[in-house]
Amino acid sequence: MTAETDARVARLLHHRKAGLALGEPITPAISVATTFHLPEAQGAAYYYGRSGQPTWDAVEAQLSILEAAETVSFPSGMAAITAALVCCLRAGAKVMLPSDGYYVTRLIGRDLLQVYGVEVVQVPTAQMAAEDFTGFDAIYIETPSNPGLDTLDIAALARKARAAGALLIADNTTMTPLLQRPLDLGADLVVAADTKAPAGHSDALFGHVAGRDANLMARIREWRRQSGSVPGPFEAFLVHRGLETLEVRLTRMCASAAAIAERLAAHRSVRGLRYPGLPGDASHKSIGSQMANGGFLIGFELAGEAEAEAFLSRCPLIEQATSFGGVHTAAERRSRWGDAVADGFIRLSVGVEPVETLWSAIDTALAG
Ligand SMILES: *Cc1c(COP(=O)(O)O)cnc(C)c1O
């Protein structure tokens, strides 16, 4: 990672120091109060738990350091995505969504946006750059896409969106702000599921929206207050703790993924391997210019459904679970959710297990 990212990580770890009085705790409290002392209606930092509270502020301070932007936290990635879409669109507006992105985002397009009069156009990630953006109010991207791991040139898309008068919203979940910063590349809003690598231990649902336009961020904050889409204090605390080790975990996970992707690609049972960090991969062009490295997700195919399920059951160091970015290596066959991939396609999320031990478990399970 760059010296600039290193500096952000260090600042994140010490972000509370300057505000601490003598004898105060280093870690933030899990503040459970819903009401705050309010003899006057004006001037209090907090007044009611749906509008704001101290544990959210602690985690938002960390996220703002990583994003170099204002952030608003939400109770899940989907809550953050919904907030961004609702605040950028109104009846009669037109939005482009990736047809190969996170499937619940597509469901929001169909069951919420379309129902309220927004026109939704779905385009595969790999074809988005070639589309005409004229007439669109927002372009929503996921790069690398989940689970196909196709990438887009965010800076080029941001220029094109701006020229067409459309906002660019980027789901940055697969990379996290340590590995990719869409706002630096011109995106108007970042949305992310902190449920994944930022929380990192498969025990907290969380999300955030980040942006540098104060008016737009004020609308996002007001949406949270009005809709009541508010994170719990315990989850905010867990994500605060998770973010403190995000860089350490990602360093291990991404290095292990690179090693395992290379070996899987050379394995005779494996086909169609996708890992942006491998020089031959279609998404490799995005490494360096936009992504710090290839990430911790690998896509690959085994012969069919039966072979893929047998492999996943046999490997003792792979949790058979949906979701990704946790400390435990996890994998699943994505076609079980209706993703447009082969039946034997597996998405592997590499965890923090020592890499040679992990590889030997994978290698043994592949052998059958
Ligand atoms: C998991 C995920 C989401 C949704 O996050 P939740 O916290 O589960 O609501 C959105 N986008 C992507 C890319 C994801 O992987």
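Rules and cut-offs
Residues numbered from 1 in each chain as written. Predicted model: local features only at pLDDT ≥ 70, side-chain atom pairs only at ≥ 80, totals over all residues. Heavy atoms only, no water. Helix = DSSP H or I, 4+ residues; strand = E, 2+ residues; numbered from the N terminus. Buried < 20%, exposed > 50% of the residue type's maximum accessible area, 1.4 Å probe, protein only. Lys, Arg positive; Asp, Glu negative; His and termini not counted. Salt bridge = Lys/Arg side-chain N within 4 Å of Asp/Glu carboxyl O. Contact = heavy atoms within 4.5 Å. Pairing = 2+ DSSP bridges. Right-handed = clockwise from strand over helix to strand, strands pointing away. Expected span 1.5 Å × (residues − 1). Domains from an automatic or database assignment. Buried area = accessible area lost by both parts, 1.4 Å probe. Polar contact = N/O pair within 3.5 Å; in protein donor to acceptor, adjacent residues only side chain to side chain. Near = heavy atom within 4 Å. Areas by Shrake-Rupley, 256 points an atom, 1.4 Å probe, with all protein chains shown as cover. Axes fitted to C-alpha atoms, helices over the stretch in contact; angles between N-to-C directions. Arc of directions from axis to C-beta.

**Focus: the side chain of Lys196**
Here is step 1 of the chain: In this fold, Lys196 is placed in the loop between β6 (189-193) and β7 (207-211).
Here is step 2 of the chain: Here Lys196 occupies a buried position and makes no salt bridge, while the nearest side chain of opposite charge, Asp171, is found at 7.5 Å.
Here is step 3 of the chain: When neighbours within four sequence positions are excluded, Lys196 is seen to be in contact with Tyr102, Thr173, Ser323, Phe324 and Gly325.

**Observations regarding the pairing of strand β4 (residues 138-142)**
Here is step 1 of the chain: Among the 5 residues that make up β4, 5 are buried, leaving the element largely enclosed by the rest of the structure.
Here is step 2 of the chain: Burial of the side chains of β4 extends over both faces: Ala138, Tyr140 and Glu142 are buried on one face and Ile139 and Ile141 on the other.
Here is step 3 of the chain: Across 2 bridges, the pairing between strand β2 (residues 94-98) and β4 is parallel. What sits directly across from Met96, in β4, is Ile139.
Here is step 4 of the chain: Handedness of the crossover joining β4 and strand β5 (residues 167-171) through helix α6 (residues 154-164) is recorded here as right-handed.

**Concerning helix α9 (residues 233-244)**
Here is step 1 of the chain: Taking 1.5 Å per residue, 12 residues should reach 16 Å; α9 reaches 17 Å between its end C-alpha atoms and fits that length.
Here is step 2 of the chain: Turning to α9, its buried residues are Ala236, Phe237, Leu238, Val239, His240, Gly242 and Leu243.
Here is step 3 of the chain: Buried residues belonging to α9 abut α1 (3-13), α2 (54-67) and α10 (246-265).

**Concerning the pattern of salt bridges**
Here is step 1 of the chain: Considering all chains together, one arrives at 19 salt bridges under this definition.
Here is step 2 of the chain: Glu356 is the partner of Arg263 in a salt bridge, and the nearest nitrogen-oxygen pair spans 3.0 Å. Here the residue Arg263 occupies a position in helix α10, and Glu356 occupies one in helix α12 (residues 355-367), the gap between them amounting to 93 residues.
Here is step 3 of the chain: Take Arg263: its relative accessible area is 30%, and that puts it in the partly exposed class.
Here is step 4 of the chain: When salt bridges that share partners are traced, they join Glu4, Arg8, Arg181, Asp184 and Arg212 into one network.

**Points about the domain arrangement of the protein chain**
One frequent convention defines the size of an interface as the accessible area lost when the parts assemble.
Here is step 1 of the chain: Domain boundaries in the protein chain define domain 1 (3-243) and domain 2 (246-367).
Here is step 2 of the chain: Taking only C-alpha atoms, the centre of domain 1 and the centre of domain 2 are 26 Å apart.
Here is step 3 of the chain: At the interface, 32 residues of domain 1 touch 33 residues of domain 2.
Here is step 4 of the chain: Its largest share of buried area at the contact with domain 2, domain 1 owes to Pro147, Leu149 and Leu179, together 25% of the area lost on that side.
Here is step 5 of the chain: Summed over the shared surface of domain 1 and domain 2, the result is 1 salt bridge.
Here is step 6 of the chain: Residue Arg274 pairs with Asp150 through a salt bridge whose shortest N-O separation is 3.0 Å.
Here is step 7 of the chain: Linking domain 1 with domain 2 are 15 residue pairs in polar contact (both at pLDDT 80 or more).

**Here's the deal with the site of the ligand**
Here is step 1 of the chain: In the vicinity of the ligand there are 15 residues, among which Gly77, Met78, Asp171, Thr195 and Lys196 approach most closely.
Here is step 2 of the chain: In this structure, a nitrogen atom belonging to the ligand sits 2.7 Å away from a side-chain N or O atom of Asp171.
Here is step 3 of the chain: Thr195 places a side-chain nitrogen or oxygen 2.6 Å from an oxygen atom of the ligand.
Here is step 4 of the chain: A total of 380 Å² of accessible area belongs to the ligand in isolation, and the protein chains cover 94% of it.
Here is step 5 of the chain: Top element by residues in the shell around the ligand is helix α3 (residues 77-88). It accounts for 3 residues.

**Details of the sheet that holds strand β9 (residues 297-301)**
Here is step 1 of the chain: Strand order in the open sheet formed by 5 strands is β8-β9-β12-β11-β10, and the pairing between neighbours is mixed. Both outer strands of the open sheet, β8 (271-274) and β10 (319-320), are each paired with one neighbouring strand and no more.
Here is step 2 of the chain: Pairing of strand β11 (residues 330-333) with strand β12 (residues 345-349) involves 4 bridges; the strand directions are antiparallel. The partner of Ala331 across the bridge, within β12, is Leu348.
Here is step 3 of the chain: α10 contacts β8, β9 and β12 of the sheet and is inclined by roughly 10 degrees relative to β9.
Here is step 4 of the chain: Relative to the sheet, helix α11 (residues 305-314) contacts β9, β10, β11 and β12, its axis offset from that of β11 by approximately 160 degrees.

**Digging into α12**
Here is step 1 of the chain: Its 13 residues place the ends of α12 18 Å apart at the C-alpha level, agreeing with the 18 Å of an ideal helix rising 1.5 Å per residue.
Here is step 2 of the chain: Among the residues of α12, Leu358, Trp359, Ala361, Ile362, Ala365 and Leu366 are the ones counted as buried. All buried residues of α12 lie within an arc of 160 degrees about the axis, which places them on one face of the element. Of the exposed residues in α12, the ones pointing more than 90 degrees away from its buried face are Thr364 and Ala367.

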